[in-house]
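# Examining the three-dimensional arrangement
Each chain is listed here by its residues.
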Amino acid sequence: MSNISLRRIRRTSVGMLCYSALLICTLAACGDAGNKEGAKVLIKFPHVTAPGTPKGRAADRFRDLVHERLGDRVTVEVYPSGQLMNDDDSIDALAFGEVQMIAVSLSKFDRLTKKFQIFDLPFMFQDLSAVERFQESPSGDALLSAMTESGLTGVAFWHNGMKQFSGPEPMTTPDAADGLKFRIMESDVLQAQILQVGGNPQKMAYGEVYQALQTGAVDAQENTWSNIYSSKFYEVQDYITQSNHGYLGYLVLVNTKFWSSIPDDVRAELRSILVETSDWANAQAAEINQDALEKIKASGRTEVVALTPEQIKQWQDIMRPVWDQFEDSIGSDVIAAAQQVPR
Ligand code: LMR
């Protein structure tokens, strides 16, 4: 039984019921839409960010292009803002065939594969172009198949942007992070990164962050400008430091059995729409984040603090041991490939 199945059974209070459901699901070829020639395909696509974010726009664009090109042969239903489920649950739901496509932060797959940890290494990528060059390299492209053993296939990478630290103090130097409680995504690398600067990392679902910051359950967090703006974190954080210390992007993922059950011509068209959507969305992600930054500054609700090159160097130096800590699980070859992608 896969990790996903075991975990799902473990965490429910009615494990036996779920186990029966799992058996039924397995017998019924879970995730198989049973799509025969001419049958209609329904793709339920939940995600956790707002419609105007890089991911929200990409998902809507995909839905619209599918409608335009495939008419009623395929319907994509997008559920934004975590209205259907959080990211963690969506991975299980995809495996169980309850939803058919997800776009989850690369930081949130630790329980299935360690390969995406490369994207969380602090100061690994200078900007989105550097990430893109790696994702398009043979090592990066191979990551799309990292979870085939769990029955999940990666079909695209989508950008959000570079992460910034926000908190009750300007974090110009790492000592300002000492003792603060940081909300982080469900990632062991991010946990190590915060421990490295003396902070107290708390893994937490995205939908809970605003309230946790507002009530003081956590003091600080790291996220992109578009997420900080659209989820209003800037209204409950006194300072945002332009640290650009890490990358936040997504893997668009399908259930392999479902995907293979789609008629070949339809699947080929879906793939080509995904390529078109990804090119369109990735080209405007940086601009969406820049626009969010301007709006946050104009709001006057928080102070945006820039870093000098010397201050950035201090952050890089203190966080660098995290690379060594995860070198074995990520693979030194992958780290080297990510560093060496040509400009
Ligand atoms: C987060 O949890 O902070 C992000 O993964 C949210 C998102 O999907 O961008």
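A quick note: this is a predicted structure, and the numbers were derived from the prediction, not measured.

### Considering the pattern of salt bridges
- The full count for this structure, using the stated rule, is 14 salt bridges.
- Among the ionic pairs, lysine 313 bridges to aspartate 317, the shortest N-O distance being 2.8 Å. In this pair, lysine 313 and aspartate 317 are both assigned in helix α12 (residues 309-319), four residues apart and thus about one turn of the helix distant.
- Judged by its relative accessible area of 44%, lysine 313 is partly exposed.
- Here aspartate 317 falls in the partly exposed class, since its relative accessible area comes to 43%.
- Look at the salt bridges and you will find they share partners, linking Asp60, Arg63 and Asp64 into a network.

### A few points about helix α5 (residues 128-136)
- Residues Leu128, Ala130, Val131, Phe134 and Gln135 constitute the buried set of α5. Seen from one end, α5 has its buried residues packed into an arc of 160°, which puts them on one side.
- Close packing links the buried residues of α5 with α6 (138-142), β4 (152-167), β8 (239-255), α11 (264-299) and α14 (332-340).
- Capping of α5 at its N-terminal end is provided by aspartate 127; its side-chain oxygen lies 3.3 Å from the backbone amide nitrogen of serine 129.

### Let's talk about the side chain of serine 243
- Relative to the helices and strands, serine 243 is located in strand β8.
- Among the polar contacts listed, one links the side chain of serine 243 to the side chain of histidine 245, at a separation of 2.9 Å.
- Ignoring anything within four residues of it in the chain, the contact list for serine 243 reads Phe123, Lys163, Gln164, Phe165 and Leu307.

### Here we look at the pairing of β8
- Among the 17 residues of β8, 14 are classified as buried, and the element is accordingly described as predominantly covered.
- Two elements, strand β3 (residues 101-105) and β8, share five bridges in a ladder whose sense is antiparallel. Across the sheet, alanine 103 pairs through a bridge with valine 252, a residue of β8.
- Summarising the sheet, β4 and β8 pair through 13 bridges and their orientation is antiparallel.

### Looking at the site of the ligand
- Around the ligand, a shell composed of 13 residues is seen, among which Lys55, Lys108, Arg183, Asn223 and Tyr250 lie nearest.
- Lysine 108 has a polar side-chain atom sitting 2.7 Å from an oxygen atom of the ligand.
- One of the side-chain N or O atoms of tyrosine 250 is found 2.5 Å from an oxygen atom in the ligand.
- Bound to the protein, the ligand loses 100% of the 270 Å² it would expose on its own.

### Some thoughts on the packing of helix α3 (residues 54-70) against α11
- The interhelical angle for the contact between α3 and α11, taken along N-to-C directions, is 145°, at an axis separation of 9 Å. Handedness of the α3/α11 crossing: right-handed.
- Looking at the contact of α3 with α11, its residues break down into 14 nonpolar, three polar and five charged.

### Focus: empty space enclosed by the protein
- Throughout the structure, instances matching the rule amount to two cavities of 30 Å³ or more.
- Around the largest cavity, the lining comprises 13 residues; the ones closest to its centre are Lys108, Met185, Tyr206, Asn227 and Leu248.
- Among the residues making up the lining of the largest cavity, the classes are represented as five nonpolar, four polar and four charged.
- What the second largest cavity holds in volume is close to 50 Å³.

### Digging into the environment of asparagine 255
- The topology assignment puts asparagine 255 in strand β8.
- On a C-alpha basis, the gap between asparagine 255 and valine 99 in space is 8.7 Å, while along the polypeptide they are 156 residues apart.
- A polar contact of 3.0 Å, which involves the side chain of asparagine 255, links it to the backbone nitrogen of lysine 257.

### Some thoughts on the nonpolar core
- Phe62, Val74, Met101, Trp158, Trp259, Leu270 and Trp315 are the most contacted members of the largest nonpolar core, which totals 44 residues.
- In terms of residue count, α3 provides more of this core than any other element does, six residues in total.
- Grouped together as the second largest cluster of nonpolar side chains are 43 residues, Leu121, Met124, Phe134 and Met162 included.

### Observations concerning the confidence of the model for the chain
- Per-residue pLDDT for the chain averages 91, and the proportion of residues at 70 or more is 88%.
- Low pLDDT, under 50, characterises residues 9-30; the stretch is placed with 21 contacts to residues that sit more than four places away or in other chains.

### Regarding α12
- Taken together, the buried positions of α12 are Gln311, Trp315 and Met319. Each buried residue of α12 lies within a common arc of 65° when the element is viewed along its axis, so the set occupies one face. Exposed residues pointing more than 90 degrees away from the buried face of α12 are listed as Pro309 and Glu310.
- Contacts from the buried residues of α12 go to β4, α7 (188-196) and α13 (321-330).

Criteria and thresholds
Sequence order as written defines the numbering, with residues in each chain counted from 1. Reporting of local features is limited, given that this is a predicted model, to residues whose pLDDT is at least 70; pairs of side-chain atoms are given and counted only at 80 or more, and all residues count toward the totals for whole chains, interfaces and linings. The basis for every side-chain value is the complete set of heavy atoms in the structure, and neither hydrogens nor water enter the calculation. Whenever a carboxyl oxygen of Asp or Glu lies within 4 Å of a side-chain nitrogen of Lys or Arg, that contact is scored as a salt bridge. Helical segments are the DSSP runs of H or I of at least four residues, strand segments are the runs of E of at least two, and each set is numbered from the N terminus. Under the scheme applied here, a residue whose accessible area is under 20% of the maximum for its type counts as buried, over 50% as exposed, and between as partly exposed, the area being computed with a 1.4 Å probe on protein chains only. Here the arc refers to the directions that run from the helix axis out to each C-beta atom. Note on contacts: a residue pair is in contact if any heavy atoms of the two residues lie within 4.5 Å. Think of a polar contact as two N or O atoms within 3.5 Å of one another; within protein, one of them needs to be a possible hydrogen donor and the other a possible acceptor, and neighboring residues in sequence only count if both atoms come from side chains. A pair of strands counts as paired when DSSP detects no fewer than two bridges linking them. We call a residue near a molecule or strand when any one of its heavy atoms sits within 4 Å of it. Per-residue accessibility takes into account occlusion by the displayed protein chains alone, with areas from the Shrake-Rupley method and a 1.4 Å probe. Think of each axis as a best-fit line through the C-alpha atoms, taken over the contacting stretch in the case of a helix, with angles from 0 to 180 degrees between the N-to-C directions. If you view the pair so one helix is near and one far, a crossing is left-handed when the near helix is turned anticlockwise from the far one by less than a right angle, and right-handed when it is turned clockwise. When residue character is reported, Ala, Val, Leu, Ile, Met, Phe, Trp, Tyr, Cys and Pro are called nonpolar, Asp, Glu, Lys and Arg charged, and the others, Gly included, polar. The definitions used throughout rest on a 1 Å grid laid over the protein atoms alone, on which a cavity is an enclosed set of points accommodating a 1.4 Å probe that cannot get out and a pocket is an open set flanked by protein within 12 Å on both sides along at least five of seven lines; lining residues are those having an atom within 4 Å of a point. Grid points are joined across faces, edges and corners, and a volume is the space filled by probe spheres set on the points. Among the buried residues, those of types Ala, Val, Leu, Ile, Met, Phe, Trp, Tyr and Cys that are joined through side-chain atoms within 4.5 Å form a nonpolar core. By definition, pLDDT measures how confident the predictor is in each residue, and it falls between 0 and 100.

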